[in-house]
Amino acid sequence: MTALIRKKRRVLPGFRLTTGITVTYLSLIVLIPLAALVVKSADLSPDQWWSTISNPRVVASYRLSLLTALCAGLVNMVFGLLLAWVLVRYKFPGKAIVDGLIDLPFALPTAVAGIALSAIYAPNGWVGSLLEPFGIKVAYTPIGITIALIFIGVPFVVRTVQPVLQDFDKGTEEAAVLLGAYRWRTFRKVILPELVPPLLTGFALAFARGIGEYGSVVFISGNMPLKTEIAPLLIVTKLEQFEYGQAAAVAVVLLVLSFLLLLLINVLQRWSNRRLRTA
Amino acid sequence: MAGIVTNPKRRNSEAAPRHLTEPAAVRYILIGIALLFLGLIVLLPMVTVIVEAFRKGWAAYIEALSDPDALAALRLTLVTALIAVPLNTIFGLCAAWAITKFKFRGKNLLVTLIDLPFAVSPVISGLIYILLFGAQGFFGPWLQDHGIKIVFATPGIVLATMFVTFPFVARELIPLMETQGVQDEEAAVSLGARGWRVFRKVTLPNIKWGLLYGMILCNARAMGEFGAVSVVSGHIRGETNTLPLHIEILYNEYQFSASFAVSSLLMLLAVLTLLIKSLLENRMSRSHEA
């Protein structure tokens with residue numbers, strides 16, 4: 001077996017060259033800089049480290065980032081499922097355009113999204129002025145942050161659920177109907193269970209993106225310490241005060257959270273793929 | 001994180017038989033809610049950008065775009081993309097070749113590491129370069145002694161952009177080349193073709209649309225990146241401002257129309273990106289079926 005592999009390796013050229021370039025470039029651009037972050041945060045003594053990340057302002061920013069990303073992820077899970085369903089199952093005019101629009105949040109620079117959303121939801125904006133009489137404030141509150149994160153997260157759930165729904169075996173559904181199940185029951189008992197892995201994957205992707213998001217949020221969030229200051233913004237603030245060690249410490253915690261989510265996403269995707277293959 | 005989600009193949013769904021679909025009323029309500037959501041969350045911001053950009057008329061719009069600072073920002077954005085996209089393309093090709101054509105230990109780890117930048121907050125992507133090259137950073141004193149500026153200058157902006165757009169091309173090529181296997185290349189080699197020629201004549205024609213797809217997405221992100229670039233740029237007008245940073249400055253100075261005018265330029269880029277992307281998707285699914 002090893003002889004076979006070794007022979008194969010020799011058949012195609014470029015193994016050393018391409019792995020060499022890949023590993024070098026990866027180390028220079030990604031790995032060494034990320035290692036610098038961890039090393040820099042170790043400038044602080046354990047006590048300083050702990051007092052940095054347990055500071056009420058820092059804790060409040062973590063909580064805000066996590067909660068708004070969670071809410072946005074949940075909203076996207078519901079509407080992402082609905083959009084995927086409508087796009088796969090129904091026909092309606094303009095469907096191709098709607099399908100293309102789903103990807104817009106990927107392609108639109110976050111700063112553009114940020115100023116547009118804050119113009120819409122500011123008290124004198126199109127939607128903000130409609131809500132104002134009811135005493136609902138969106139811009140410069142956590143609701144505004146959540147809306148920005150919903151915008152950013154739209155494509156994740158739709159694009160993970162859509163292919164699974166497309167490949168869904170109509171036979172199973174038909175069998176359920178022939179056995180006397182009603183539409184809603186068929187959906188709940190036959191279709192929905194198949195969609196759980198992609199829904200969770202999409203949710204986790206949107207959630208992970210939301211925790212770190214900066215550009216689309218800073219304009220609409222108001223950036224009040226303890227109230228509407230997200231964790232990435234706090235890192236920027238610490239940097240502007242030249243508190244490099246503290247900035248690094250706040251960042252390391254955020255980074256660890258993101259990596260744990262990435263790990264979870266990989267597990268979910270493997271689960272989802274396995275289910276697809278056995279189905 | 002955009003690249004993690006792969007696009008579904010487009011397929012014409014035949015009308016579902018009646019017992020397998022919902023009553024018409026339910027269908028219309030569901031379509032209505034879905035469109036309302038998309039309209040409010042995605043379409044409305046686009047409309048706002050255009051309306052606000054032209055609020056003070058065509059002349060003001062042109063003036064905002066021909067402002068020297070705006071032009072300098074445009075130039076810097078183009079330069080950044082012109083460096084970051086080709087480098088990441090070369091890297092993506094090498095990584096995809098190594099990963100899909102050979103078996104070696106640590107391959108899964110390598111694939112995971114390539115994805116890493118998608119999981120990192122843009123702000124942290126900028127921060128890491130400040131920690132390396134900033135005045136208080138690891139190489140800061142040495143760079144200062146030699147009069148080299150990386151952070152708060154163009155090199156830092158390019159580096160941060162490269163980090164953020166690092167995985168795009170590789171992510172697109174790896175699954176594509178995985179499905180194509182190694183038979184074609186092995187046949188070419190056994191017929192006597194040498195390395196570079198195998199790549200150019202055999203591999204490249206098979207992956208050209210996927211490669212272009214990855215480059216388009218990489219470019220869109222490179223030109224639109226805000227968070228990472230904002231941390232390393234130092235916001236020096238006319239010097240270290242890219243277009244997204246210029247938008248921020250104008251907005252914070254309450255020059256809303258000008259800010260939205262510049263935004264409309266970047267929105268045009270986004271719409272063009274999506275159009276090319278869907279064209280490429282059609283082409284790829286057609287060549288897939290053929």
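Residues numbered from 1 in each chain as written. Chains lettered and ligands numbered in written order. Predicted model: local features only at pLDDT ≥ 70, side-chain atom pairs only at ≥ 80, totals over all residues. Heavy atoms only, no water.

Moving on to the overall build of chain A. On a plain count of helices and strands, chain A comes out with 14 helices and zero strands. Each of the three principal axes of chain A carries a C-alpha extent, and together these read 75 × 65 × 35 Å. Within chain A, the fraction of its 279 residues that count as buried is 55%. Long-range contacts, defined as pairs at least 24 residues apart, comprise 75% of the intrachain contacts of chain A with a sequence gap of at least 6. Total accessible area computed for chain A in this model is approximately 12500 Å², and 67% of it derives from carbon and sulfur atoms. Counting 26 positive and 14 negative side-chain charges, chain A places the averaged centre of each group 10 Å from the other. (Helix = DSSP H or I, 4+ residues; strand = E, 2+ residues; numbered from the N terminus. Buried < 20%, exposed > 50% of the residue type's maximum accessible area, 1.4 Å probe, protein only. Contact = heavy atoms within 4.5 Å. Areas by Shrake-Rupley, 256 points an atom, 1.4 Å probe, with all protein chains shown as cover. Lys, Arg positive; Asp, Glu negative; His and termini not counted. Charge placed at Lys NZ, Arg CZ, Asp CG, Glu CD.)

Take the overall build of chain B next. A count of helical and extended segments in chain B gives 13 helices and zero strands. The order of α-helices and β-strands along chain B, N terminus first, is α-α-α-α-α-α-α-α-α-α-α-α-α. Along the longest, intermediate and shortest principal axes, the C-alpha atoms of chain B span 65 × 55 × 30 Å. When burial is assessed residue by residue, chain B has 54% of its 290 residues classed as buried. Of the contacts made within chain B by residues no fewer than 6 positions apart, 72% connect residues no fewer than 24 positions apart. A total of about 13300 Å² of accessible surface is found on chain B, and carbon and sulfur atoms cover 63% of it.

For the structure shown, the criterion picks out 14 salt bridges over all chains. Residue Lys-277 of chain B is joined to Asp-103 of chain A by a salt bridge in which the shortest nitrogen-to-oxygen separation is 2.6 Å. Placement of Lys-277 of chain B in helix H13 (residues 256-289) and of Asp-103 of chain A in the loop between helix H5 (95-101) and helix H6 (104-107) is noted, with the two residues assigned to different chains. We classify Lys-277 of chain B as buried; its relative accessible area is 6%. The class for Asp-103 of chain A is buried, based on a relative accessible area of 3%. Taking the shortest distance from any N to any O, the salt bridge between Glu-52 of chain B and Arg-55 of chain B comes out at 3.5 Å. (Salt bridge = Lys/Arg side-chain N within 4 Å of Asp/Glu carboxyl O.)

This part is about a nonpolar patch on the surface. Together, Leu-268, Val-271, Leu-272, Leu-275 and Ile-276 of chain B make up a nonpolar patch on the protein surface, roughly 420 Å² of accessible area in all. Note on Leu-272 of chain B: relative accessible area 45%, which makes it partly exposed. (Patch = residues over 30% accessible without salt bridge, like charges linked within 9 Å, V, L, I, M, F, W, Y side chains within 5 Å.)

Residues and elements named next belong to chain B. Overall, the coordinates contain 25 aromatic pairs over all chains when judged by the stated rule. Where Phe-54 meets Trp-58, the ring centres are 5.6 Å apart and the plane angle is 5°; that geometry is what we call stacked. Residue Trp-58 is classed as exposed on the basis of its relative accessible area of 57%. The interplanar angle of 75° and the centroid separation of 6.2 Å between the aromatic rings of Trp-97 and Phe-199 together place this pair among those described as edge-to-face. (Phe/Tyr/Trp six-rings, centres within 6.5 Å; stacked < 30°, edge-to-face > 60°.)

Our focus in this paragraph is the interface of chain B and chain A. Contact residues are listed per partner, giving 92 residues for chain B and 100 residues for chain A. Carbon and sulfur atoms supply 79% of the area that chain B and chain A bury against each other, a total of about 8900 Å² over both sides. Across the contact surface, chain B and chain A share ten residue pairs in polar contact (both at pLDDT 80 or more). Looking at the side of chain B that touches chain A element by element, the count peaks at 19 residues for helix H1 (residues 24-53) of chain B. Within the side of chain B that touches chain A, the residues separate by chemical class into 65 nonpolar, 16 polar and eleven charged. (Buried area = accessible area lost by both parts, 1.4 Å probe. Polar contact = N/O pair within 3.5 Å; in protein donor to acceptor, adjacent residues only side chain to side chain. Nonpolar A, V, L, I, M, F, W, Y, C, P; charged D, E, K, R; others polar.)

Okay, the domain arrangement of chain A next. Residue and element names in this part refer to chain A. As far as domains go, chain A holds domain 1 (11-41) and domain 2 (55-278). Between the C-alpha centres of domain 1 and domain 2 the distance comes to 31 Å. Summing both partners gives a buried area of about 460 Å² for domain 1 against domain 2, and 90% of it is carried by carbon and sulfur. Together, Leu-37, Lys-40 and Ser-41 form the three largest contributors to the area buried by domain 1 at its contact with domain 2, with a combined 79%. Across the contact surface, domain 1 and domain 2 share zero salt bridges. Inspection of the domain 1/domain 2 interface yields zero residue pairs in polar contact (both at pLDDT 80 or more). Of the residues assigned to the side of domain 1 that touches domain 2, the class counts are three nonpolar, one polar and one charged. (Domains from an automatic or database assignment.)

We now examine unusual backbone geometry. Residues and elements named next belong to chain B. One non-glycine residue, Phe-152, adopts positive backbone phi at about 60°. With respect to the helices, strands and loops of the structure, Phe-152 is situated in the loop between helix H6 (140-145) and helix H7 (154-164). If you check the backbone angles, Tyr-254 has positive phi at about 60° while not being a glycine. Locating Tyr-254 in the fold gives a position in the loop between helix H12 (243-252) and H13.

Moving on: the confidence of the model for chain B. Residue and element names in this part refer to chain B. The share of residues in chain B with pLDDT of 70 or more is 92%, and the mean pLDDT across the chain is 89. Every residue in residues 9-14 scores below 50 in pLDDT, and together they form ten contacts with partners more than four places removed in sequence or on other chains. Both confidence scores are given for the complex: pTM 0.90, ipTM 0.89. (pLDDT = per-residue confidence, 0-100.)

A word on the side chain of Asn-76 of chain A. Topologically, Asn-76 of chain A is positioned in helix H4 (residues 56-89). For Asn-76 of chain A, a relative accessible area of 2% gives the class buried. From its side chain, Asn-76 of chain A meets the backbone oxygen of Ile-150 of chain A in a polar contact 3.2 Å long. Other than its neighbours up to four places away in sequence, Asn-76 of chain A contacts Leu-81, Leu-149, Ile-150, Gly-153, Val-154 and Val-157 of chain A together with Phe-37 of chain B.

What follows deals with the confidence of the model for chain A. Averaged over all residues, the pLDDT of chain A is 89; the fraction at 70 or higher stands at 95%. The spread of mean pLDDT over the elements of chain A runs between helix H1 (residues 2-11) of chain A, the lowest at 51, and H4 of chain A, the highest at 96.

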